[in-house]
Amino acid sequence: MSILVIAEHDNSSLKPATLNSVTAAQAIGGDIDILVVGSDCQGVAEQAAQVAGISKVLVADNAAYGHQLAENVAPLIAEVGAGYSHVLATATTTAKNILPRAAALMDVQAISEISAVVSADTFKRPIYAGNVIATVQSSDAIKVLTVRGTAFDAAPAEGGSATIEAVASAHDAGKSEFKGEEVAKSDRPELTAAKIVVSGGRGMGNGDNFSMIYSIADKLGAGVGASRAAVDAGFVPNDMQVGQTGKIVAPDLYVAVGISGAIQHLAGMKDSKVIVAINKDEEAPIFSVADYGLVADLFTALPELDAAL
Amino acid sequence: MKVLVAVKRVVDYNVKVRPKSDGSDVDLANVKMSINPFCEIAVEEAVRLAEKGIATEVIAVSVGAKQCQEQLRTALALGADRAILVETDESLEPLAIAKCLKAVCDAESPDLILMGKQAIDGDNNQTGQMLAALLDCSQATFASELSLDDGKATVVREVDGGLQTLELSLPAIVTSDLRLNEPRYASLPNIMKAKRKPLDVKTPDDLGVSAAPRVTLLGVELPAERQAGIKVEDVAMLVDKLKNEAKVIS
Ligand SMILES: Cc1cc2nc3c(=O)[nH]c(=O)nc-3n(C[C@H](O)[C@H](O)[C@H](O)COP(=O)(O)OP(=O)(O)OC[C@H]3O[C@@H](n4cnc5c(N)ncnc54)[C@H](O)[C@@H]3O)c2cc1C
Ligand SMILES: Nc1ncnc2c1ncn2[C@@H]1O[C@H](COP(=O)(O)O)[C@@H](O)[C@H]1O
C-alpha cells in the first residue's frame, strides 16, 4: 500500500487538519507520502517533513496553485495520485472542493468523510446527517477518500525526517480567478481544533448578545460556534456554523446555548465528549444528547456562568 | 443564457431515517420524499436569473427513478421552463450521476449549471465537482452570492476561514450553500401550469453512460447512542459538575 496525503495549508504553515489524515493513512497501513500543493510553500514542505511516519514530501510550488483553485490543483492531484493506492485529505472546504474533481479525472468514485477504516478497501462513513453509519467497500484501483477530522486523532507533528522532492508539473487552466477573501480574524482557538466550544443559537436574540458567549469562551479558552439559525439571522458569520452542512466538531466540552437541537445541528456536535445545554424549554431536543442540561433563561444563566468562572 | 439545474429527490430533511431490520440499508418505506434543500436553492437562483432577464431558459434535470418526476414538477412549478429525467431504478453514485449530467450538458450546452453543494441523503458533496471535471469547466462550490456580468460569473463562497470570491469564465458550475437565497413557495396556479410544461425522459443507456457501481454498501448501523444525562438545578451545580465530575474545566 502506498498512500498520498494532501496537505492542508496556507502557503506558510501546515494546518493540523493534515495530521488527522495521516492517522487515517496509518490505519490503512503502508508507505505514507504528503503532497504539498501551493505557491511559495517550501516552509510548509519542511514542516510536513517533520511529521512522524512520513516517507517523502512532494512539493508542487507554482503561482497557479496559490489559492487552491480546483481547476488547477485537481489535475495535479490526479497526476501524482495515479502512482498510489490511496489518496486522502481531511474534509475541509478546500479538500471537499478539490478531491471529488481529482477523483473524476481519475475515473474513481470518491468516498466522502470516512469516520473509520475497516480495511484497505472498506470504510465507515456517516450518512443522512449522521443518523446512520454506512460501511462501504470500494472496487476502484485507487481509493480517493476525504477524512472526517474528528474521527481520527492528530498524528504527531514532529519526530519525522522525510525527504523533500519537487514536482515540476504545472497546471494553469485559466478558467477561474481568485478575487479576494474575507477571513475572520480571531485570537480564539479554531473551531474544529478547540478543546472547548461554546455555541449560540437563535435564542441569543441578536449579534450583540453573543458578547456574553465570547466572554465565557475567553475565560475557558474556547472556540465559538453557532447554529444555522444564528448565522442565517446575521448574528455571526458563516464560518461559525456547526452541523451537517457546516463544521463538524468533537471537543471535550460543547456548550449549546439557546439551540433547540435539530438533527442537522446534532450531526455536527454529538460526538463531543461532554455536552452541556442551556435552554429555557425543557422539552428542547438538545437535552436528549446533553450530559448536563440547565433549563434556564440564557440571559440570566450566562452572566451567572461568566461570574462563576 | 441557458441555465441547467440539477435536482435530486431525497428523504425530507425532517425525517430521521433508521436502518432496515437486517441492516442492509436504510429503511425508506413510506418515508416522505422531497427535493433536496440545496437543489431547491439552486432552482430559486436559476429562476431569479430568468426574472432578471439574464437566463433565457431554465432546464431542470434529475437522475433517478420514475418518481423523480414529482421533484422535477416542483422545479417547474418554481419557474423552470422544462425538465429532463434520466430514468433508472439503480441507485447511482455521484460519478455515474455526473456522467449522466455530462451527457445532458453535451446535448444542451448550458452556459451555467446550478447544483446543490450536497444531497442530504448520502451527504457526498461530490457531484458538482465531478461534473466540472468531466466538462473541463470552471467551478465554484458552496456559493452564497452569484452575479453574472460580461460573460463571467462572480461567486462568493462560504469556506472554513470565512468568505472567498472567485471569478469564473463560462460555462461554469456553481453549487449552492444555504445562504445563496431563500426559496419561494410554488403557488397553486404555478403548480397547475407546471403539469403542462415539457418533461423529457431518457435512460443512461440512451446517453451512453455505463453506471456500473464502484462502491458497494455492505450495511448500515445506528451510531453509538449517548448515555442519558442529568438536569442540573442551577449554574453553581453546573460549574461544580464540570469541574469535579466531568473534569473538563478547571
Ligand atoms: C438542508 C439543511 C441543512 C441544515 N444544516 C444545518 C447545520 O449545518 N447546522 C445547524 O445548526 N442547522 C442546520 N439546519 C437548520 C436546522 O434544521 C435548524 O433549523 C437550526 O439548527 C435551528 O437553529 P436554533 O436551534 O438556533 O434555532 P431554534 O430551533 O429556533 O431554537 C432556538 C432555541 O432557543 C431557545 N431559547 C429561546 N430564547 C431563549 C432564552 N432566552 N433562554 C434560553 N433558551 C432560549 C428556544 O427554547 C429554542 O429551543 C439545516 C437545515 C436544512 C434544511
Ligand atoms: N440523482 C441526481 N439527479 C440530479 N442531480 C443530482 C443527483 N445527485 C446529485 N445531484 C446534484 O448534485 C448535488 C450534490 O449532490 P451530492 O454530490 O450527492 O452530495 C445535488 O444537490 C444535485 O444538485
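Data block above holds the structure.
Before going into details, it helps to say that this report is about the structure given with it.

Basis of the calculations
- Residues numbered from 1 in each chain as written.
- Chains lettered and ligands numbered in written order.
- Predicted model: local features only at pLDDT ≥ 70, side-chain atom pairs only at ≥ 80, totals over all residues.
- Heavy atoms only, no water.
- Helix = DSSP H or I, 4+ residues; strand = E, 2+ residues; numbered from the N terminus.
- Buried < 20%, exposed > 50% of the residue type's maximum accessible area, 1.4 Å probe, protein only.
- Contact = heavy atoms within 4.5 Å.
- Pairing = 2+ DSSP bridges.
- Axes fitted to C-alpha atoms, helices over the stretch in contact; angles between N-to-C directions.
- Salt bridge = Lys/Arg side-chain N within 4 Å of Asp/Glu carboxyl O.

### Looking at the environment of Ala 96 of chain B
Residue and element names in this part refer to chain B.
Inference 1: Mapped onto the secondary structure, Ala 96 falls in helix 3 (residues 94-108).
Inference 2: Classification of Ala 96 as buried rests on a relative accessible area of 8%.
Inference 3: Excluding anything up to four places from it in sequence, Ala 96 contacts Val 209 and Ala 211.

### Describing the sheet that holds strand 10 (residues 172-176) of chain B
Inference 1: With respect to topology, 10 strands assemble into an open sheet ordered 11(A)-9(B)-8(B)-7(B)-10(B)-6(B)-1(B)-4(B)-5(B)-11(B), the strand pairing being mixed. The open sheet is flanked by strand 11 (176-183) of chain A together with strand 11 (199-202) of chain B, the only strands paired with a single partner. Pairs of neighbouring strands in the sheet enclose a mean axial angle of 30°, with direction left out of account.
Inference 2: Looking at chain direction, strand 5 (residues 82-87) of chain B and strand 11 of chain B are connected through 4 bridges and run parallel. When the bridges of strand 11 of chain B are listed, Ile 84 of chain B appears paired with Asp 200 of chain B.
Inference 3: In the packing of helix 3 of chain B onto the sheet, the strands contacted are strand 1 (2-6), strand 4 (57-64), strand 5 and strand 6 (112-116) of chain B, and the crossing angle to strand 4 of chain B comes to about 150°.

### Quick look at the pattern of salt bridges
Two side chains that carry opposite charge are able to pair once their charged atoms sit near each other.
Inference 1: Evaluation of the coordinates by the stated rule reveals 29 salt bridges over all chains.
Inference 2: Between Lys 124 of chain A and Glu 221 of chain B there is a salt bridge, with its nearest N and O atoms 2.6 Å apart. Taken together, the positions of Lys 124 of chain A in strand 7 (residues 122-127) and Glu 221 of chain B in strand 12 (residues 215-221) put the pair across two chains.
Inference 3: Its relative accessible area of 24% is what places Lys 124 of chain A among the partly exposed residues.
Inference 4: Assessed through its relative accessible area of 33%, Glu 221 of chain B is described here as partly exposed.
Inference 5: We note a salt bridge from Asp 218 of chain A to Arg 188 of chain A, for which the minimum N-O separation is 2.8 Å. Taken together, the positions of Asp 218 of chain A in helix 5 (residues 210-220) and Arg 188 of chain A in the loop between strand 11 and strand 12 (196-200) put the pair 30 residues apart, joining distant regions of the chain.
Inference 6: Classification of Arg 188 of chain A as partly exposed rests on a relative accessible area of 27%.
Inference 7: Taken together, the salt bridges that share partners define one network made up of Asp 107 and Asp 140 of chain A together with Lys 99 and Arg 214 of chain B.

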